[in-house]
Amino acid sequence: MIGRLNHVAIAVPDLQAASAQYANALGAKVGAPQDEPDHGVTVVFIELPNTKIELLYPLGENSPIQGFLDKNPSGGIHHVCYEVEDILAARDHLQETGARVLGSGEPRIGAHGKPVLFLHPKDFNGCLVELEQV
């Protein structure tokens, strides 16, 4: 069911500084900031040969990323995203095994324009998991 690693998301307190660090210090291909108001974040994708890094910065008053940064002022790894072929079948299977899907349980459109779901970190060894249909 689980496919390849799509991205690792890192919450950052300063999006411009973090983007510059990846571009200048690491020589990475850094995309432009992209507001995702439905998710309460501004994202920047960093292209790597085998996956992506997603920098997350709070957008709006109710951003879930702000809560994360309040607890982790320097930022840190927020979630990992795995690809799945059929997000509804994946959701149903995971719920049958006892995993909790966050939110309404219905997929939402993510930053790549594809359906995504998030799984409760307490069900995955403390790691917030995002699934993205490919």
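Structure's up top.
A quick note: this is a predicted structure, and the numbers were derived from the prediction, not measured.

So what's going on with the side chain of Thr42? Which residues, and what values?
Locating Thr42 in the fold gives a position in strand 4 (residues 41-47). The exposure class of Thr42 is buried, given its relative accessible area of 7%. Within the structure, the side chain of Thr42 is placed 2.7 Å from the side chain of Asp35, a separation counted as a polar contact. With sequence-adjacent residues up to four places away left out, Thr42 is seen in contact with Leu15, Pro33, Gln34, Asp35, Leu55, Leu56, Tyr57 and Leu59.

Describe the layout of surface pockets, and please don't skip the residues or the numbers.
Any empty space left between the atoms is revealed when a probe the size of a water molecule rolls over them. Within this model, the largest pocket holds a volume of roughly 550 Å³. For the largest pocket, the lining is made up of 28 residues, of which His39, Pro64, His78, Arg108 and Phe118 are closest to its centre. Mapped onto the lining of the largest pocket, the elements with two or more residues apiece are strand 4, strand 5 (52-58), helix 2 (64-71), strand 6 (76-84), strand 8 (115-119) and strand 9 (128-133). Looking at the lining of the largest pocket, its residues break down into 12 nonpolar, 9 polar and 7 charged.

Rules used in this analysis
- Residues numbered from 1 in each chain as written.
- Predicted model: local features only at pLDDT ≥ 70, side-chain atom pairs only at ≥ 80, totals over all residues.
- Heavy atoms only, no water.
- Helix = DSSP H or I, 4+ residues; strand = E, 2+ residues; numbered from the N terminus.
- Buried < 20%, exposed > 50% of the residue type's maximum accessible area, 1.4 Å probe, protein only.
- Polar contact = N/O pair within 3.5 Å; in protein donor to acceptor, adjacent residues only side chain to side chain.
- Contact = heavy atoms within 4.5 Å.
- 1 Å grid on protein atoms, 1.4 Å probe; cavity = no way out; pocket = protein on both sides within 12 Å on 5 of 7 lines; lining within 4 Å.
- Points joined across faces, edges and corners; volume = space filled by probe spheres on them.
- Nonpolar A, V, L, I, M, F, W, Y, C, P; charged D, E, K, R; others polar.

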